[in-house]
Amino acid sequence: MTALARRVEALDAEPKSAWGWPRDVGHVDAGSVSQIAHFVAVMSRWTDAVMEVEAGPGAAVEPAAADMLARGSRLLANIERSEPRLVTGPMDVTMQQWTPIGRSAYTGEPPSERSFVAPHSDRRAAVKPSDEGLYTSTAVVGGVSMWRAFLGPGGSAVRPLPRYTWDLTVSLPVVVAEITSATCWAEFVCAHPRRIGGVIYPDWFTVSQRFDAVHITLPTIVAAQGFALATACGTTIAPAFWDVETTFWVRWRILAAQLCEGARL
């Protein structure tokens, strides 16, 4: 738990800048932008460079204890005051954005039902599948999502320019599983388990029989990112790397997509 406590300390340090935030966000609360961008920067650094050194590979935490540390985060409390949807939910169906990487990032194609791949029972186990469903993030101050901030203003070989961001219109009603803590995530995965050896993964096919989407909030990420979660049955839940507030759509529920950011960045 020492590594997790140090992560919370890093999150609660004074935000330095609006790292990765597009310059044309308009008239926004600079403090809110800085807090959200600081979360993205710290979690990215911990995931990419610090986690293995601090915690070691395969490190596990007990969900309730991890949640207790996350609940003490001043940064989360500050973000909750300005953007409660990111911290406590519920997911805002009116503010979902899609900023793709990969092929769609090159071509500027909107999301489509034709290219949507629903979870299937015969696909490989994964906490965060790269070839199923649709990932969106909630637009916050200035109309920019945390995922867009995570991608940053520059390109790379893995996440090339240009950027295309789409505002999505969602077909209502939707059934969303709200994940607001590591304990909630552990209970959710244990209720929809896919066991591979001694490790549990979410069974996304089973999830798709009950829900349209799963909303991952910031406290869950703070408490669980990169850690295996211990369970009462003696097995562990595979580490999750959600990075930022995310909605994972396991059913196609998108009515329309409007381009709100083109190739200018």
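Our structure is the block above this text.
Nothing here was measured: the structure is a model prediction, and the numbers come from that model.

Colleague: Got a minute to help me understand unusual backbone geometry in this structure?
Modeller: In terms of backbone geometry, most residues other than glycine have negative phi values and most peptide bonds are trans. Each neighbour pair has its own omega, and for G89 with P90 the value is -5°, a cis peptide bond. With omega at 0°, the peptide bond leading from L172 into P173 counts as cis. Tracing the backbone shows P173 in the loop between β4 (165-170) and β5 (176-179). Here the phi dihedral of D243 falls at roughly 70°; this positive angle occurs in a residue that is not glycine. If you trace the backbone, D243 turns up in the loop between β10 (236-237) and β11 (246-249).

Colleague: Before we go on, may I ask you to explain helix α4 (residues 74-82) in this structure?
Modeller: Given 3.6 residues to a turn, an α-helix orients residues that are three or four positions apart in the same direction. All of the buried residues along α4 are L75, L76 and I79. In an axial view of α4, the angular spread of the buried residues amounts to 95°, which keeps them on one side of the axis. Pointing more than 90 degrees away from the buried face of α4 are the exposed residues R74 and R81. Capping the start of α4, S73 holds a side-chain oxygen 3.3 Å from the backbone nitrogen of L75, two or three residues further along.

Colleague: Help me understand the sheet that holds β4 in this model?
Modeller: Taken together, the seven strands give an open sheet; going across it, the order is β5-β8-β11-β3-β2-β4-β12, and neighbouring strands pair in mixed fashion. Strands with a single pairing partner mark the edges of an open sheet, and in this sheet they are β5 and β12 (254-261). With strand direction ignored, the average angle separating the axes of adjacent strands in the sheet is 30°. Across four bridges, strand β8 (residues 213-216) lies against β11 in antiparallel orientation. When the bridges of β11 are listed, V214 appears paired with F248. Docked against the sheet, helix α8 (residues 182-191) engages β5 and β8, running at close to 135° with respect to β5.

Colleague: What is the right way to read the sheet that holds strand β9 (residues 228-230) from this model?
Modeller: Ordered in space as β1-β9-β10-β7-β6, the five strands form an open sheet in which the pairing is mixed. Looking at strand neighbours, the two that pair on one side only are β1 (60-61) and β6 (193-196), the edges of this open sheet. Bridge analysis of β1 against β9 gives two bridges, and the strand direction is parallel. Considered in β9, the bridge of V61 is made with L229.

Colleague: What's the story with the packing of aromatic side chains in this structure? I'm lost.
Modeller: One pair of aromatic rings is described through two measures. These are the centre distance and the angle between the planes. For the coordinates displayed, the defined rule picks out 11 aromatic pairs. When the centroid spacing of 6.1 Å and the interplanar angle of 55° are considered together, the rings of F188 and F211 count as tilted. Remark: F211 occurs in the loop between α9 (204-208) and β8 and F188 occurs in helix α8; sequence separation between them is 23 residues. On the basis of relative accessibility, which here comes to 12%, the residue F211 falls in the buried class. Ring centres of W204 and W242 lie 6.5 Å apart, and the angle between their planes is 85°; this geometry places the pair in the edge-to-face category. Taken together, the positions of W204 in helix α9 and W242 in the loop between β10 and β11 put the pair 38 residues apart, joining distant regions of the chain. Owing to a relative accessible area of 4%, W204 belongs among the buried residues under this scheme. Each member of the aromatic cluster is reached from another via a ring pair, and the members are Y135, W185, F188, W204, F211, W242 and F248. Across the ring face of Y135, the terminal group of K128 is positioned such that the distance to the ring centre comes to 5.8 Å.

Colleague: Help me understand the pairing of β8, please; the structure alone is not making it clear to me.
Modeller: Remember that side chains alternate between the two faces of the sheet whenever the strand is regular. Here β8 shows no split at all, with A213 and H215 on one side and V214 and I216 on the other all buried. Here four bridges tie β5 to β8, and the two strands are oriented parallel to one another. Bridge pairing links V176 to A213 in β8.

The rules we used
Residues numbered from 1 in each chain as written. Predicted model: local features only at pLDDT ≥ 70, side-chain atom pairs only at ≥ 80, totals over all residues. Heavy atoms only, no water. Helix = DSSP H or I, 4+ residues; strand = E, 2+ residues; numbered from the N terminus. Buried < 20%, exposed > 50% of the residue type's maximum accessible area, 1.4 Å probe, protein only. Arc of directions from axis to C-beta. Polar contact = N/O pair within 3.5 Å; in protein donor to acceptor, adjacent residues only side chain to side chain. Pairing = 2+ DSSP bridges. Axes fitted to C-alpha atoms, helices over the stretch in contact; angles between N-to-C directions. Contact = heavy atoms within 4.5 Å. Phe/Tyr/Trp six-rings, centres within 6.5 Å; stacked < 30°, edge-to-face > 60°. Lys NZ or Arg CZ within 6 Å of the ring centre and 35° of its normal.

Worth remembering: the numbers are spatial, not functional.
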